[in-house]
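Breakdown of the fold
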Amino acid sequence: MTIKTVVPLFSASLVNSRFDLASALKRVLDSNSFVLGKEVAQFELEFARHTQVEHCVSVANGSDALELALRAVGVVNGSRVACVANAGFYSSTAIHLLGAVPVYVDVDAHSLNMCERALAPVLETRPAAVIVTHLYGQMAAIDPIVRQCRAAGIPLIEDCAQAHGALHAGRRAGSFADISCFSFYPTKNLGALGDGGAVLSSNIDLIAAVKALRQYGWARKYEVTRICGRNSRLDELQAAVLREKLPVLDEQNAERRAIAARYNHAFAALPLRLPVSVGEDFVAHLYVVRAERREQFRAHLLECGVATDVHYPIADTMQPLFGGRRAAEMLPVTLDACASVMSLPCFPGMTSDDVEHVVKSVRSFF
Ligand SMILES: *Cc1c(COP(=O)(O)O)cnc(C)c1O
């Protein structure tokens, strides 16, 4: 028997239904300019302004953004880079691409973001850089993390791939660290119709490095000044789509947050651990709860027609790639989270009835 899914985890058609994306695409077709043209230049200005950072360099995807940002801050073959181990291996992938080595920091038990107390001893071992990920759209404890990295003189990279538009003390995610990275993968809070990414910084030297690295290492056309340049560009079609969607990002984030608030209220008395904030420092990229009997709970929800997923089931240290070599690293909170986290549907365009159906289905398990 196949079970009809009543509420999906995400719906690109619902998220995009309010936009006239066809006109944006047509505009690019008519321009006959497809790479690094006007749309990209405008989007970079608009996204930098929205993020409250001076400069934005768009790239092909969020993983490239991390890789180029690491290179820009001086990470090289053999460097050690601190990051968390519960965020889907994205940081680790970028670190490995440079021949560098991830040094894993445990997460905070409430926010599931990098624990600033766990970071302190790692900074004493002098990593070449730190990546802080604002996981699920919840901003990490960015003030103490920035303070510690500054004091140690170690560059900090914010991974904002799940946190477009999040605010802390009136400032956007991505405006705190030395350099920040975004992804515009279709399911992200600001999503393209394909891959896309960006690197932002107010430091002109870092921006010059990323600009060169995204295009063959060129300082200007055909003049190569940097090794390990890449071809990593956002195209005009995606930039035009993102320009349509950016003005509505805050509104769509508020819609996500309202769903999360409704869930948090409805589930308050249940034996679940819930997201810690439904304030502006949370843009509800994913609504993640922690449950004891996760697999039975997910099977029950599937029977009710509610899609769920696990972000993410395998800690970086436990990936088969490492063949058990890193399993002994002490990350108790990370391992506990990987065993209990699960995501419920939460996206703009979800109807009130959909939310109610999820609430009833969740409640009926307990
Ligand atoms: C999606 C994501 C990335 C990678 O972005 P891509 O565009 O898929 O390469 C990196 N970090 C985090 C936290 C993400 O969620």
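Residues numbered from 1 in each chain as written. Predicted model: local features only at pLDDT ≥ 70, side-chain atom pairs only at ≥ 80, totals over all residues. Heavy atoms only, no water.

Another point: the site of the ligand. Near the ligand the following residues occur: Asn 61, Gly 62, Ser 63, Tyr 90, Thr 133, Asp 159, Ala 161, Gln 162, Ser 183 and Lys 188. At 2.7 Å from an oxygen atom of the ligand is found a side-chain nitrogen or oxygen belonging to Ser 183. Take Lys 188: an N or O atom from its side chain is 2.6 Å from an oxygen atom of the ligand. Within the complex, 92% of the 380 Å² of free accessible area of the ligand lies under protein. Across the shell around the ligand, the residue classes tally to 2 nonpolar, 6 polar and 2 charged. (Near = heavy atom within 4 Å. Polar contact = N/O pair within 3.5 Å; in protein donor to acceptor, adjacent residues only side chain to side chain. Areas by Shrake-Rupley, 256 points an atom, 1.4 Å probe, with all protein chains shown as cover. Nonpolar A, V, L, I, M, F, W, Y, C, P; charged D, E, K, R; others polar.)

The geometry of an aromatic ring pair is captured by two quantities: the separation of the ring centres and the angle between the planes. Applying the stated criterion to the full structure yields 15 aromatic pairs. Between Tyr 263 and Phe 267, the aromatic rings sit 5.4 Å apart at their centres with planes inclined by 10°, giving stacked as the arrangement. For Tyr 263, a relative accessible area of 0% translates into the label buried. Note on Phe 267: relative accessible area 0%, which makes it buried. Ring pairs connect the aromatic residues Phe 43, Phe 47, Phe 182 and Phe 184, which therefore count as one cluster. When the ring centre of Phe 176 is taken as reference, the NZ or CZ atom of Arg 171 above it lies at 4.2 Å. When the ring centre of Tyr 90 is taken as reference, the NZ or CZ atom of Lys 188 above it lies at 5.6 Å. (Phe/Tyr/Trp six-rings, centres within 6.5 Å; stacked < 30°, edge-to-face > 60°. Buried < 20%, exposed > 50% of the residue type's maximum accessible area, 1.4 Å probe, protein only. Lys NZ or Arg CZ within 6 Å of the ring centre and 35° of its normal.)

Attention now moves to the state of the cysteines. Applying the stated criterion across every chain yields a total of 0 disulfides. No disulfide involves Cys 115; its sulfur sits 13 Å from the nearest other cysteine sulfur, which is in Cys 149. Left without a disulfide partner, Cys 149 is nearest to the cysteine sulfur of Cys 83, which lies 13 Å away. A relative accessible area of 1% places Cys 149 in the buried class. (Disulfide = S-S within 2.5 Å.)

Here helix 3 (residues 38–51) spans 20 Å end to end across 14 residues, near enough to the 20 Å set by a 1.5 Å rise per residue. Those residues of helix 3 that fall on the buried side of the exposure criterion are Glu 39, Val 40, Phe 43, Glu 44, Glu 46, Phe 47, Ala 48, His 50 and Thr 51. Looking one or two places after helix 3, you find Gln 52, whose phi comes out positive at around 60°. (Helix = DSSP H or I, 4+ residues; strand = E, 2+ residues; numbered from the N terminus. Expected span 1.5 Å × (residues − 1).)

Here Glu 280 shows up in the loop between helix 10 (249–266) and strand 12 (287–290). With relative accessibility at 47%, the residue Glu 280 sits in the partly exposed group. Apart from residues no more than four positions distant in its own chain, Glu 280 is found in contact with Ala 166, Leu 167 and Arg 257. (Contact = heavy atoms within 4.5 Å.)

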